[in-house]
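Topology and contacts: notes
Each chain, written out:
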Amino acid sequence: PIPGYNYTMSKLILVTGGAGHIGSHVIEELQKNNRHKIISLDNYSNGNLKNHIDGVEYRRGHTKNIFKLIPEKPDIVYHLGEYARVTPSLLEPEKVYDYNIRGTFSVVEFCRQKNVKLIYAASSTKFAPLDEGRNHCPYSFSKAVNVDLINNYGRWYGLNYAICYFYNAFGGREKGKGKYATLIAKMQNYYLHKKIFPIIIPGTQKRNFTHVKDLAKGFILVGEKGIGDNYTLANKNSYSILEVAKMFGLKTKMVDGNPGRNGSGNIQSRVRKELGWETTIDLKDYINEFKKQCRRL
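Bear in mind that the values here come from a model prediction, so they are computed numbers and not experimental data.

What follows covers the packing of aromatic side chains. In the structure shown here, the tally under the stated rule is 13 aromatic pairs. Between Tyr-83 and Tyr-180, the aromatic rings sit 5.9 Å apart at their centres with planes inclined by 90 degrees, giving edge-to-face as the arrangement. With Tyr-83 in the loop between strand 4 (76–79) and helix 3 (93–114) and Tyr-180 in the loop between strand 7 (169–170) and helix 5 (183–192), the pair connects residues that are 97 residues apart, well separated along the chain. On the basis of relative accessible area, Tyr-83 is assigned to the buried category, the value being 4%. Given a relative accessible area of 13%, Tyr-180 falls into the buried group. Between Tyr-190 and Phe-197, the aromatic rings sit 5.0 Å apart at their centres with planes inclined by 80 degrees, giving edge-to-face as the arrangement. Under the relative-accessibility criterion, Tyr-190 is labelled buried at 18%. Residue classification places Phe-197 among the buried residues on the basis of a relative accessible area of 2%. Taken together, the aromatic side chains of Tyr-78, Phe-166 and Phe-219 make up a single cluster linked through ring pairs.

On to the nonpolar core, then. With 33 residues, the main nonpolar core has Tyr-78, Leu-80, Phe-166 and Phe-219 as its most contacted residues. Every element with two or more residues in this core is listed here: strand 1 (12–16), helix 1 (21–30), strand 4, strand 5 (117–123), strand 6 (161–166), helix 6 (212–225), strand 11 (228–233) and helix 8 (270–275). Element by element, the count of residues in this core is highest for helix 6, at seven residues. Beyond its immediate sequence surroundings of up to four residues, Tyr-78 is in contact with Ile-13, Leu-14, Val-15, Thr-16, Leu-30, Ile-119, Phe-219, Ile-220, Gly-223 and Glu-224. Among the nonpolar cores identified, the runner-up in size contains 26 residues, and Ile-70, Val-116, Val-147 and Ile-150 belong to it.

Our focus in this paragraph is the sheet that holds strand 3 (residues 57–60). Sheet strands associate in pairs through backbone hydrogen bonding, adopting either a parallel or an antiparallel arrangement. With parallel pairing, the seven strands of this open sheet are ordered in space as 3-2-1-4-5-6-11. Either end of the sheet is taken by a strand with one partner, and the two such strands are strand 3 and strand 11. Geometrically, the sheet is characterised by an average inter-axis angle of 20 degrees between neighbouring strands, direction not taken into account. Examined bridge by bridge, strand 2 (residues 37–42) and strand 3 share four bridges and lie parallel to one another. Note that in strand 3 the partner of Ile-39 across the bridge is Glu-57. Running at roughly 165 degrees to strand 1, helix 1 makes contact with strand 1, strand 2, strand 3, strand 4 and strand 6 of the sheet.

The end-to-end C-alpha separation of helix 3 is 30 Å, in line with the 32 Å expected for 22 residues at 1.5 Å each. At Thr-104, helix 3 shows its largest kink, close to 25 degrees. Two residues or fewer after helix 3 comes Asn-115, characterised by a positive phi angle close to 55 degrees.

On to helix 1. The buried fraction of helix 1 amounts to nine of the 10 residues, a majority that puts the element mostly inside the structure. Every buried residue of helix 1 is listed here: His-21, Ile-22, Gly-23, Ser-24, His-25, Val-26, Ile-27, Glu-29 and Leu-30.

Turning our eyes to something else, we now look at the pattern of salt bridges. Under the counting rule described, the total for this entry stands at 17 salt bridges. With a closest N to O distance of 2.4 Å, Lys-143 and Glu-82 form a salt bridge. Pair noted here: Lys-143 is in helix 4 (residues 138–157) and Glu-82 is in the loop between strand 4 and helix 3, with a separation of 61 residues, a long-range link. Here Lys-143 falls in the buried class, since its relative accessible area comes to 6%. Judged by its relative accessible area of 13%, Glu-82 falls in the buried class. Through salt bridges with shared partners, a single network forms among Lys-37, Glu-57, Arg-59 and Glu-72.

In this section: the packing of helix 5 against helix 7 (residues 241–248). Contact geometry for helix 5 and helix 7: axes closest at 10 Å, N-to-C directions at 35 degrees. As helix 5 packs across helix 7, the resulting crossing turns out to be right-handed. Together, Leu-183, Ile-184, Met-187, Gln-188 and Tyr-191 of helix 5 and Ile-241, Val-244, Ala-245 and Phe-248 of helix 7 make up the contact between the two elements. Each residue belonging to the contact of helix 5 with helix 7 can be placed in one class, and the counts come to eight nonpolar, one polar and no charged.

What counts, and where the lines are drawn
- Residues numbered from 1 in each chain as written.
- Predicted model: local features only at pLDDT ≥ 70, side-chain atom pairs only at ≥ 80, totals over all residues.
- Heavy atoms only, no water.
- Phe/Tyr/Trp six-rings, centres within 6.5 Å; stacked < 30°, edge-to-face > 60°.
- Helix = DSSP H or I, 4+ residues; strand = E, 2+ residues; numbered from the N terminus.
- Buried < 20%, exposed > 50% of the residue type's maximum accessible area, 1.4 Å probe, protein only.
- Core = buried A, V, L, I, M, F, W, Y, C linked by side-chain atoms within 4.5 Å.
- Contact = heavy atoms within 4.5 Å.
- Pairing = 2+ DSSP bridges.
- Axes fitted to C-alpha atoms, helices over the stretch in contact; angles between N-to-C directions.
- Expected span 1.5 Å × (residues − 1).
- Bend = angle between axes of the 7 residues up to and from the residue.
- Salt bridge = Lys/Arg side-chain N within 4 Å of Asp/Glu carboxyl O.
- Left-handed = near helix turned anticlockwise from the far one by under 90°.
- Nonpolar A, V, L, I, M, F, W, Y, C, P; charged D, E, K, R; others polar.

What follows is the structure, encoded as structure tokens:
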């Protein structure tokens, strides 16, 4: 159970990006309160019909059209429906701008005009050094701009909001193939097929890998009790890419490319101190269990 969560209250909840990796887990957790009515708004650019949860109303469309697609007044909006990849964003700046700037502006305006609380999934790149942070790529820049926008809407219009920062989600429903694949799912796929995994030099760059169920619970908890900015959702343990490959027992090769930031930066603990959130699943344990359960090809 989520600490402090009211499982008896009935709400109309909108989750943007509800067919995606994290969004589907947020909905799954919200569904434990069977009094809620949940609507997902997703354009399926990275979402999947296989991620649908029974009992949820799924609407297909772009968040920039939210006023047309969601005529209702929700009690709360969990906004995850954005472009969410670092390196591919350098090749798709127009798509990043469309989803993350146009789309999110419409979501923020929707919440302002309908007086709805907005819970925003921001990027942990904000806390990296400047050259690795907001100006690192179109994705990180757009996410930082949206944080500024939402904070200013709070100042200008009294918008009720809370902003979370996700750190390297892993766990069920990750994509392991294609340009939007995430690291842990890719490594799982390479492990199963006994393939040599390419690691971008230097390989010592560290990440705070956080299980998607822990992220979902934290996101909802912030939605219930959070106010304002700087709710970081991160595992306390960090691992380098080389360390993770070693956990899998992968053979590796070093390659050139965009390695991303060197580390995760300064991780705040507001969500732990104020709301009592903690992670429950560590990456090392998750990988060990995966290796026990899965047969290699």
